Amino acid sequence: MSAVAQNLVNALSLGSLYALIALGIALLFSIMGLINFAHGELIMIGGYALLWFAALPFALAAVLAVAVVIGCGLAMERLAFRSVRGASGETLLMTSFALSLFIQGGVLLFEGANPKSADVLGSLGASVEVAGLSIGKLDITIIGVTAVLLLGLAWFLRRTSLGVQMRAAAEDFRMARALGVRANLVVATAFGVSGAFAAIAAIFLVASTGTLTPSMGLSPVLVGFVAIMLGGLGRLWAAALGAYVLALLSVMLQAYLPDGVAPYRDALVYLGIVVILVFRPHGIAGRPGAVRV
Amino acid sequence: MTLLEVSGLHVSYGPIDAVKGVSLSVERGDVVAIVGPNGAGKSSTMLAIQGLVRTRSGSVRWRGTDITGWTPERRARAGISFVPESRGVFRTLSIGENLRLAGCALATGADVSERVQLALRHFPALADRLSERAAVLSGGECQQLAIGRALVAAPELLVLDEPSLGLAPVVLDELFAALAALRDEGLTILLVEQNVARAVKLADHLFSLRGGVIERVDEPDELLRNPSYRAKHLGMG
């Protein structure tokens, strides 16, 4: 019993990290139909930013890293995506691909290809005993911070004027503009929030792995896409749900697969996702044609 | 005073010319109706006025200023409120959120709640349902919400594209009574309407659009006095 609970906590922690990544991607998709491959590079920049500010107290370094990534997200919007806004999904996707390679190349030039190690949140390496379970302090932090961010995002979208404008823009961008919703403001806000989520995901990711490479954003961004497809396109909370389900599948298979089969864990995770999508082609909570926040 | 002046407007969708040189103007306080068959270019003209389609040539002037290159949101803020043929109601938002959304066309610091209350005076049935999702509304209620929402923006010009489309006759009576009340309050209205009999009773000027060009301009009073027009278009002997 306690082993199951232990695994559930691990799944919750991993799912929180996945959810932050998936939401950062899903937010931009719902507002402007952009599948942003360069989201992984925002995560990567967040990781390196932690290294650049490593001499500062962690809280300050974290705030600066978040600010840097938000700045990069806004710059991405202004320099790369604004001129192709309203273009087809393929054009947006290719633009994000190009941007992703460009940023990776740039960081490679300055930071080199060799992995760098970073000690982030090392103080949270210890565990605490809760009800007979040994839970890492880092896991508690990840779960708690993510919960606050998800609730904060929900509050923002439900209760603030700008949030309602974003929901309207996600449903019908043209009509929202005809009512006076400022397209630039809404899109920039989406990029800003997406950047903030990417930066916080980067902090947790680097705290868990301790290493940085210029290509470190690829794997998280793929996980984010899978979580979105699994949860259901077009609804933000579904993207978060998909992230937690994906993490649950992953952690449970890791824990309970017999040793001989364990190396095939990822294959089995994706097999499970394929099976789910066969029965729910639009994702667990998705509906055909529904694209909304 | 001329509020809106459209001159030589051309709108194309790829190789198809939808609007081929439409010119019209709307004076403050007037109700101008555009009538015509399907495919005449009525909706494209409306969309071009709101900046939702690109114009190939020609210009749209608003209170003397050329706004042809303005974004839709800038036009909304300048005082043009648009109700599209589809109503443009956000189904995932509540009725109240739909109404308040139009407040973003108001100047910063404007009292959106007060504007919502004013708009609800025209459509009191919505007032008790502000927290309900707009998806539950019927066609007629959607139209009420769409027009009420347009009023929240304190428009100088209300642009309506086919407001009567898909509505039952009894609902139409209410809708046109509300539009007549708005006209009597002095609101300037530009509407596209296939229901000529309704348009004639509401409008001060009637533009007939066909094949992307304006075929004729009429004064409804004269039309109503013309027996052959009455028989042909209004079904009145």
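This text follows the structure it describes.
Bear in mind the structure is a predicted one, so any value in this text is a computation, not a measurement.

**Looking at helix α1 (residues 2–32) of chain A**
For α1(A), spanning 31 residues, the distance from its first C-alpha to its last is 44 Å, which sits close to the expected 45 Å at 1.5 Å a residue. The first or second residue beyond α1(A) is A:G33, which carries a positive phi of 65°.

**Let's talk about the nonpolar core**
Ranked by internal contacts, the top residues of the largest apolar core, which has 162 residues, are A:Y18, A:A22, A:L23, A:V69, A:A201 and A:I203. Of the residues forming this core, the biggest block, 18 residues, is contributed by helix α8 (residues 183–209) of chain A.

**Regarding the interface of chain B and chain A**
Between chain B and chain A, the residue contacts involve 21 residues of the former and 17 residues of the latter. Secondary structure elements with two or more residues in the side of chain B that touches chain A: α2 (72–78) and α3 (95–101) of chain B. If one sorts the elements of the side of chain B that touches chain A by residue count, α2(B) sits on top with four residues.

**Topic: unusual backbone geometry**
Residue and element names in this part refer to chain B. Positive phi, normally seen in glycine, also occurs at R87, with a value near 75°. Along the chain, R87 falls in the loop between β6 (80–83) and α3. Here A154, not a glycine, exhibits a phi torsion of approximately 50°, which is positive. Residue placement: A154 occurs in the loop between α5 (139–152) and β7 (157–161). A residue is classified by how many C-beta atoms lie within 10 Å of it, and A154, with 17 of them, is partly exposed.

**Describing the packing of α1(A) against α8(A)**
Residues and elements named next belong to chain A. Between α1 and α8, whose axes approach to 8 Å, the crossing angle comes to 165°. Here α8 runs roughly antiparallel to α1, going by the angle between their axes. In this structure, the crossing between α1 and α8 has a hand that is left-handed. On α8, the residues that touch L17, L20, I21, L23, G24, L27, L28, I31 and M32 of α1 are V186, V187, A190, F191, V193, S194, F197, A198, I200, A201, F204 and L205. Residue composition of the contact of α1 with α8, grouped by class: 19 nonpolar, two polar and no charged.

**Focus: the environment of B:S86**
Residues and elements named next belong to chain B. Mapping S86 onto the fold places it in the loop between β6 and α3. The partly exposed category is assigned to S86, around which 13 C-beta atoms lie within 10 Å. Through-space distance from the C-alpha of S86 to that of Q144 is 13 Å; in sequence the pair is 58 residues apart.

**Quick look at the pairing of β7(B)**
All names here are of chain B. Among the five residues in β7, five count as buried, and that is most of the element. With burial as the criterion, each face of β7 is covered, one bearing L157, V159 and D161 and the other bearing L158 and L160. On the question of chirality, the crossover connecting β7 to the parallel strand β8 (residues 188–192) by way of helix α6 (residues 169–184) is right-handed.

**Looking at the sheet that holds strand β9 (residues 205–210) of chain B**
All names here are of chain B. An order of β6-β7-β8-β3-β9-β10 is seen for the six strands of this open sheet, with the pairing classed as mixed. Each edge of the open sheet carries a strand with a single partner, namely β6 and β10 (213–218). Across the sheet, the mean angle separating the axes of adjacent strands is 15° when strand polarity is ignored. Sheet strands in contact with helix α1 (residues 42–50) are β3 (31–35), β6, β7, β8 and β9, and its direction is about 145° off that of β7. The strands touched by α5 are β6 and β7; relative to β6, the strand with the most contacts, the crossing angle is about 170°.

Reading guide: rules and limits
Residues numbered from 1 in each chain as written. Chains lettered and ligands numbered in written order. Predicted model: local features only at pLDDT ≥ 70, side-chain atom pairs only at ≥ 80, totals over all residues. Helix = DSSP H or I, 4+ residues; strand = E, 2+ residues; numbered from the N terminus. Expected span 1.5 Å × (residues − 1). Core = buried A, V, L, I, M, F, W, Y, C linked by C-beta atoms within 7 Å. Buried ≥ 20, exposed ≤ 12 C-beta atoms within 10 Å, placed from the backbone. Contact = placed C-beta atoms within 7 Å. Axes fitted to C-alpha atoms, helices over the stretch in contact; angles between N-to-C directions. Parallel < 35°, antiparallel > 145°, perpendicular 65-115°, else oblique. Left-handed = near helix turned anticlockwise from the far one by under 90°. Nonpolar A, V, L, I, M, F, W, Y, C, P; charged D, E, K, R; others polar. Right-handed = clockwise from strand over helix to strand, strands pointing away. Pairing = 2+ DSSP bridges.

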